[in-house]
Amino acid sequence: MKLDLLGDRQRTHLCGDLRESDAGKTVFLCGWVARRRDLGHLIFLDLRDHSGITQVVCNLDESPESHARGEEVRAEFVVGVAGKVVMRSEDTVNASLATGKIEVRARTLLLLNEAKTPPFPIDGDVRTSEETRLRYRYLDLRRSRMQHHIRLRHEAAGLVRRHMSEHRFVEVETPFLTRSTPEGARDYLVPSRVHRGHFYALPQSPQLFKQILMISGLDRYFQIVRCFRDEDLRADRQPEFTQVDVEMSFPQRGELFQIMEQLMRSLFALVNVEVQTPFKVMPYDEAMERYGSDKPHTGFGLAWKRVNLPAEEAAKLHLSLPVKAMTVPGGSSQFSRSQLDKLHESATAAGATWFSFLRIAAGEILSPLAKVLPPQALHAVADEAGANPGDLVVLLGMKAGGSSLLSARHLDEASGEIRLDVAKRLELIKPGMWNFLWVVDFPMFEFDEKENRFAAMHHPFTSPREEDLEILESNPGAAKARAYDLVLNGSEIGGGSIRIHRRDIQQRVFGVLGLTQEKARERFGFFLDALEYGTPPHGGIALGFDRIVALMAGESNIREVIAFPKTASAVDVMCDAPSTVETSQLEELGLIVSGEISEC
Ligand code: ASP
């Protein structure tokens, strides 16, 4: 096929621009052919670019040349059209197009490039496997939904920059080739050619750099930054993801919260969502008791309560106390016996070792527990759970034996899952809910069962609450951190803390974590040195930018708002990464691959 040259022709408008008021103008449009309809001596082309679609008419009588070119055109060919804007007749107006009242009569149609038939249609909401979409990402991104998402992301990034600058935060880039950072995931390593046997690590976050910038007197820092974590594969994780990383000196938590809340207001205003501020603040302990989650969706009513059963009966049931109870208003008639059996199965799968329920009727309570508990005990539980006639009370518990700390944790986790299960079944989670929440006062440490020692719940530079300094060593499990997470609709969208700024306290925290002086020096020596040169009190946060944009775009998967994401198994199927490399490259780096090379 003979192609035309563009020459010095300049687009006059985008394909979504033209309106009635442009009628009579001579224009030059460029774009892709979305659709072609051949009616014999009239050929209609839908010309598309990111801004929209304009109908182009090639009329055999008016312009035999453009009509001839129009016959050769196929979907996704790139064309340029010079012609006149004319009003469509009343009966051919297309109300679903912004340009639907006009069309362009082609005088010249340039075929600028041809295209193979795409593996999936570009227009319309077609179901195509994600693998195919990712392999042909350049075509997938040509679709209007993806164009919208990528542009929304761009606007969001611009807004973050303006907002943070207005609050006197300075954007500073930090290194990608660095050493291990303290977020606790596995590192991506980069071998050094110059220094054989030495490796850089890609940053899991700029945590230590941003703290060092506070020591340097930058006062307020932010960065929209890529982070790299070689975590076990999970459906909605990416090995590289983007954070809005923030740090400030002499902070009060409330001030930081306000800056972030205003940022959320402005971001969500981009998608016409009005965010109510200030956000609710909930201590971690309350979140775990009531919602069984450290990132609860509190936008619908269900909540758990720890309740006690009479000790004697609990012993008969071999139960560890307290158990948890959740009232489902009106639930008595909404759950059949078989649905309750399913809920029981889910509870078991979620780790709870005991499940029961009460159906509250007027004057009586129906429950499998009635075999063991006297009616007044059933009523006492129903009262404690705040249940009324017509309600269902779901009960979850753990069989006695084992560590009470662990069994309480497992019970909380299971209760969180069951709450969501019930909410889904009753369709309580409605679209259009924007439930923001700060969760605060996280435990400083969590007990690592495998390693049989305490580990940092956030990272080891998180400050304990001032009032908990005394119990740091004597009761580490009870010490709370000055850490906070920002939660939206049950997803964690950010997390941070006020940091430790004193060397002595840092040392004590390392002590509880079982990090010896030598180990700490080996891992973070440069940072410990920096801490000794006048470190101001400081704190910050990192927001998950991909997740926030996904929520703004109404998408549940962050891959939908990342231009070139990897699959759930960390593969870039478009450019086929990771890939094997030449043996000579490995030799240069002083590396050998042992064992078989696996397929991606
Ligand atoms: N560096 C932390 C993270 O990536 C956030 C923070 O503490 O600011 O989760």
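The coordinates are above.
Residues numbered from 1 in each chain as written. Predicted model: local features only at pLDDT ≥ 70, side-chain atom pairs only at ≥ 80, totals over all residues. Heavy atoms only, no water.

This paragraph deals with the sheet that holds strand 20 (residues 483–488). Ordered in space as 6-9-10-22-21-20-17-11, the eight strands form an open sheet in which the pairing is mixed. Of all the strands in the sheet, just strand 6 (170–171) and strand 11 (280–283) have a single pairing partner and so form its edges. In this structure, strand 11 lies alongside strand 17 (residues 436–440), joined through four bridges in parallel fashion. What sits directly across from M282, in strand 17, is V439. Packed on one face of the sheet, helix 6 (residues 253–269) meets strand 9 (220–228), strand 10 (240–249), strand 11, strand 17, strand 20, strand 21 (491–498) and strand 22 (538–544) and runs near 155 degrees to strand 17. Relative to the sheet, helix 14 (residues 545–553) contacts strand 10, strand 20, strand 21 and strand 22, its axis offset from that of strand 22 by approximately 50 degrees. (Pairing = 2+ DSSP bridges. Helix = DSSP H or I, 4+ residues; strand = E, 2+ residues; numbered from the N terminus. Contact = heavy atoms within 4.5 Å. Axes fitted to C-alpha atoms, helices over the stretch in contact; angles between N-to-C directions.)

Here helix 11 (residues 404–425) contains 22 residues, and its C-alpha end-to-end distance of 31 Å stays within 8% of the 32 Å for a straight helix at 1.5 Å per residue. Within the sequence span of helix 11, burial applies to S407, L411, D412, A414, S415, G416, I418, R419, V422 and A423. (Expected span 1.5 Å × (residues − 1). Buried < 20%, exposed > 50% of the residue type's maximum accessible area, 1.4 Å probe, protein only.)

With that settled, consider the layout of surface pockets. Which parts of space are left empty comes out when a probe the size of a water molecule is rolled across the atoms. Quantified by volume, the second largest pocket comes out at close to 1,000 Å³. Every residue lining the second largest pocket is counted, 26 residues in all, and those nearest its centre are A577, P578, S579, T580 and C600. Those elements that provide at least two residues to the lining of the second largest pocket are strand 7 (189–191) and helix 15 (583–589). Ranked by the residues each element gives to the lining of the second largest pocket, the list is headed by strand 7, at three residues. The residue makeup of the lining of the second largest pocket, split by class, is 18 nonpolar, four polar and four charged. (1 Å grid on protein atoms, 1.4 Å probe; cavity = no way out; pocket = protein on both sides within 12 Å on 5 of 7 lines; lining within 4 Å. Points joined across faces, edges and corners; volume = space filled by probe spheres on them. Nonpolar A, V, L, I, M, F, W, Y, C, P; charged D, E, K, R; others polar.)

Now for the state of the cysteines. Here, the word disulfide means a covalent bond between the sulfur atoms of two cysteines. In total, this model carries zero disulfides according to the counting rule given. Among the cysteines around C15, which has no disulfide bond, C30 carries the closest sulfur, lying 7.8 Å off. Classification of C15 by relative accessible area gives buried; the value is 0%. (Disulfide = S-S within 2.5 Å.)

Turning our eyes to something else, we now look at the sheet that holds strand 3 (residues 52–59). Through backbone hydrogen bonds, the strands of a sheet pair up, either in parallel or in antiparallel fashion. Strand order in the closed barrel formed by five strands is 1-2-3-5-4, and the pairing between neighbours is mixed. The average undirected angle you get between the axes of adjacent strands in this sheet is 55 degrees. In terms of strand pairing, strand 3 meets strand 5 (residues 102–113) through two bridges, oriented parallel. In the strand pairing of strand 5, V57 is matched with R105. With respect to the sheet, helix 1 (residues 64–72) is in contact with strand 1 (26–38), strand 2 (42–49), strand 3 and strand 5, its orientation differing from that of strand 5 by roughly 65 degrees.

This paragraph deals with the site of the ligand. Around the ligand lies a shell formed by E183, S205, Q207, K210, R229, Q243, H459, G495, G496, R499, I541 and A542. Between the ligand and Q243, the relevant distance is 2.9 Å, taken from an oxygen atom to a side-chain nitrogen or oxygen of the residue. Out of a free accessible area of 270 Å², the ligand has 88% covered by protein chains. Taken together, the elements giving at least two residues each to the shell around the ligand come down to helix 5 (207–215), strand 21 and strand 22. Its residues assigned to classes, the shell around the ligand comprises two nonpolar, six polar and four charged. (Near = heavy atom within 4 Å. Polar contact = N/O pair within 3.5 Å; in protein donor to acceptor, adjacent residues only side chain to side chain. Areas by Shrake-Rupley, 256 points an atom, 1.4 Å probe, with all protein chains shown as cover.)

By the definition in use, this model includes 46 salt bridges. The partner of D140 in a salt bridge is R137, with the nearest N and O atoms 2.7 Å apart. Taken together, the residues D140 and R137, both in helix 3 (residues 137–140) and three residues apart, mark about one turn of the helix. There is no split in this pair, since D140 and R137 are both buried. E532 is the salt-bridge partner of R503, the closest N and O atoms lying 3.3 Å from each other. You can see R503 sitting in helix 12 (residues 503–512) and its partner E532 sitting in the loop between helix 13 (517–531) and strand 22, a full 29 residues away along the chain. Through salt bridges with shared partners, a single network forms among R133, R137, D140, R143, R145, E555 and E560. (Salt bridge = Lys/Arg side-chain N within 4 Å of Asp/Glu carboxyl O.)

Attention now goes to the pairing of strand 14 (residues 354–361). One face of the sheet, then the other: side chains in a regular strand alternate in exactly this way. Counted residue by residue, strand 14 has seven buried out of eight residues, so it is predominantly covered. Pairing geometry for strand 14 and strand 16 (residues 392–399), over six bridges, is antiparallel. Each bridged residue has a counterpart across the sheet, and for R359 the counterpart in strand 16 is L392. With three bridges connecting them, strand 14 and strand 15 (residues 364–366) associate as antiparallel partners.

Our next topic: the side chain of R499. One can find R499 in the loop between strand 21 and helix 12. R499 gets classed as buried once you look at its relative accessible area, which sits at 2%. Setting aside anything within four residues of it in sequence, one finds R499 in contact with Q207, K210, Q211, V246, E247, H459, F461, S463, H538, G539, G540 and I541.

Let us look at unusual backbone geometry. Cis geometry is adopted by the peptide bond preceding P322, which originates at L321 and carries an omega value of -5 degrees. As for its position among the elements, P322 is in strand 13 (residues 319–328). In this chain, A577 is followed by P578 through a cis amide linkage whose omega measures 5 degrees. In the Ramachandran plot, D219 falls in the positive-phi region, its phi being about 75 degrees despite a non-glycine side chain.

Turning our eyes to something else, we now look at empty space enclosed by the protein. Scanning the model with the defined rule gives two cavities of 30 Å³ or more in all. Within this model, the largest cavity holds a volume of roughly 40 Å³. Along its surface, the largest cavity is lined by P443, M444, F445, A456, M457, H458, H459, P460, T462, A481 and V509. Every residue lining the second largest cavity is listed: L134, R137, F564, P565, D572, V573 and M574. Looking at side-chain class alone, the lining of the second largest cavity contains five nonpolar, no polar and two charged residues.

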